[in-house]
Amino acid sequence: MIVIPPPRAEPASPASEPVLRLRGIHKSFGDTQVLKGVDLDVHRHEVVALIGASGSGKSTLLRTANLIERIDDGQVFLAGQDVSDPRTKADEVRARIGVVFQHYNLFPHLSVLDNVTMSSRVVHGVDKAAAERRGLELLAQIGLADKAREFPDRLSGGQQQRAAIVRAIATDPELLLLDEITSALDPELVGEVLDLVRELGLGGTTIVMATHEMAFARDVAHRVVFLDDGVIVEQGDPQQLFGNPVHDRTREFLSRFLETDYR
Ligand SMILES: Nc1ncnc2c1ncn2[C@@H]1O[C@H](COP(=O)(O)OP(=O)(O)OP(=O)(O)O)[C@@H](O)[C@H]1O
C-alpha cells in the first residue's frame, strides 16, 4: 500500500462560515426519492469524501450543490449565500465551483490549453495572455506542459482527468466537487489522478469527492460521509469511521466493500 501523508492544511473551525452548507435537501426523480433530507457542512480547506453504495445518491447530492439539479426542498448555501433561492443565477454559482465528473470532461475539439483557459476567459473575463500564462503554469505543475497544444484524444485517460482537474481549479474556485473521477480509468492510471487530488487537498483546496476509493478516503480525507439510500447515516474522522463504525448500515457497507473492491 502507498503510504499517503496526512493533510497539512487544516480545515477551518466548524464554528466558521462553511464554504458549503446543505440543509434538508430533498430530491426525487419521478416517484423515486433520491435525497431524503440531507444536511452537510463543508469548511474551508476541508477534504470530504462521500462514500456509499451505487445509487445511494452521491452524484445527485454533488449536483445539487452547484445547481445542476434543482432541489425539491431544502437550502444550499455557498459561503453564506442562499443559492437555492429561485432568483439565484445558476451560472454565477457554477462560476464559483469547480467540477470534475467521471466522463467527458474535456472538450474534444479544443486544445488542452484552450480547455484549461476557456472558463477564465469566457466566464471570468481574464485576457487571453494572462489566462494562457496561468494555464501553462498549471499544466507544467502536473507535468503536462508539452501536451498544452494537443487535442485531448492524444492524452491518456489519467492525463485527461488531470487536465480536467487543472481546468476546474484554473479559476480559483471556492469549492471543488469531484464525482467518481477515477471510476472510468484503467487501474494503473488511478494513482496519478488521486495523487493530484491529494496534493490539492494538502495545498488547502476545499474538496468534496464522491468516491469508491476507500483507501484514498481513509488516508486523505479529513472527514468521510457515508450516504445510504439518500440519508447521511454516519460521518466522521476516517480512522474512526473505517476502524470503528457506529451504525450497522455503515458496518455492513464497509464489510461488503472489503469483500469486493477494497485493496
Ligand atoms: N436524471 C435522473 N433521472 C432519473 N433518475 C435519476 C437521475 N439521476 C439519478 N437518478 C437516480 O437516482 C438514484 C441515485 O443516483 P446517483 O447517481 O446520485 O447515485 P450514486 O450514489 O452517485 O451512484 P454511483 O456510485 O453508481 O455513481 C439512482 O437510482 C439513479 O438511477
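- In the nomenclature of an unreviewed UniProt entry, the protein chain corresponds to Amino acid ABC transporter ATP-binding protein from the organism Luethyella okanaganae.
- Here the protein chain is described in UniProt, under the heading Subcellular location (unreviewed entry), as follows: "Cell membrane".

**Here's the deal with the overall build of the protein chain**
Thinking step 1. Broken down by element type, the protein chain carries nine helices and ten strands.
Thinking step 2. The globule rule puts the C-alpha radius of gyration for 263 residues at 18 Å, and the 18 Å found for the protein chain is close to it.
Thinking step 3. Overall size of the protein chain, expressed as C-alpha extent along the three principal axes, is 55 × 50 × 40 Å.
Thinking step 4. A burial count over the protein chain gives 44% of its 263 residues as buried.
Thinking step 5. Considering only intrachain contacts with a sequence separation of at least 6, the fraction spanning at least 24 residues in the protein chain is 67%.

**Comments concerning the pairing of strand 2 (residues 32–42)**
Thinking step 1. The sheet contact formed by strand 1 (residues 20–29) and strand 2 spans eight bridges and is antiparallel. Within strand 2, the residue paired with His26 across the bridge is Lys36.
Thinking step 2. Linking strand 1 to strand 2, which pair antiparallel, is a turn of two residues; within it Gly30 sits at a positive phi near 60 degrees.

**Digging into the sheet that holds strand 1**
Thinking step 1. On the basis of which strands lie adjacent, the open sheet formed by four strands has the order 2-1-4-5 and antiparallel pairing. The sheet is open, and its two borders are formed by strand 2 and strand 5 (81–82), each paired with just one other strand.
Thinking step 2. In the packing of helix 1 (residues 58–65) onto the sheet, the strands contacted are strand 1, strand 2 and strand 4 (73–78), and the crossing angle to strand 1 comes to about 120 degrees.

Conventions adopted
- Residues numbered from 1 in each chain as written.
- Predicted model: local features only at pLDDT ≥ 70, side-chain atom pairs only at ≥ 80, totals over all residues.
- UniProt positions renumbered as here; feature names shortened; annotations may be inferred.
- Helix = DSSP H or I, 4+ residues; strand = E, 2+ residues; numbered from the N terminus.
- Rg over C-alpha atoms; globule rule 2.2 N^0.38 Å.
- Buried ≥ 20, exposed ≤ 12 C-beta atoms within 10 Å, placed from the backbone.
- Contact = placed C-beta atoms within 7 Å.
- Pairing = 2+ DSSP bridges.
- Axes fitted to C-alpha atoms, helices over the stretch in contact; angles between N-to-C directions.

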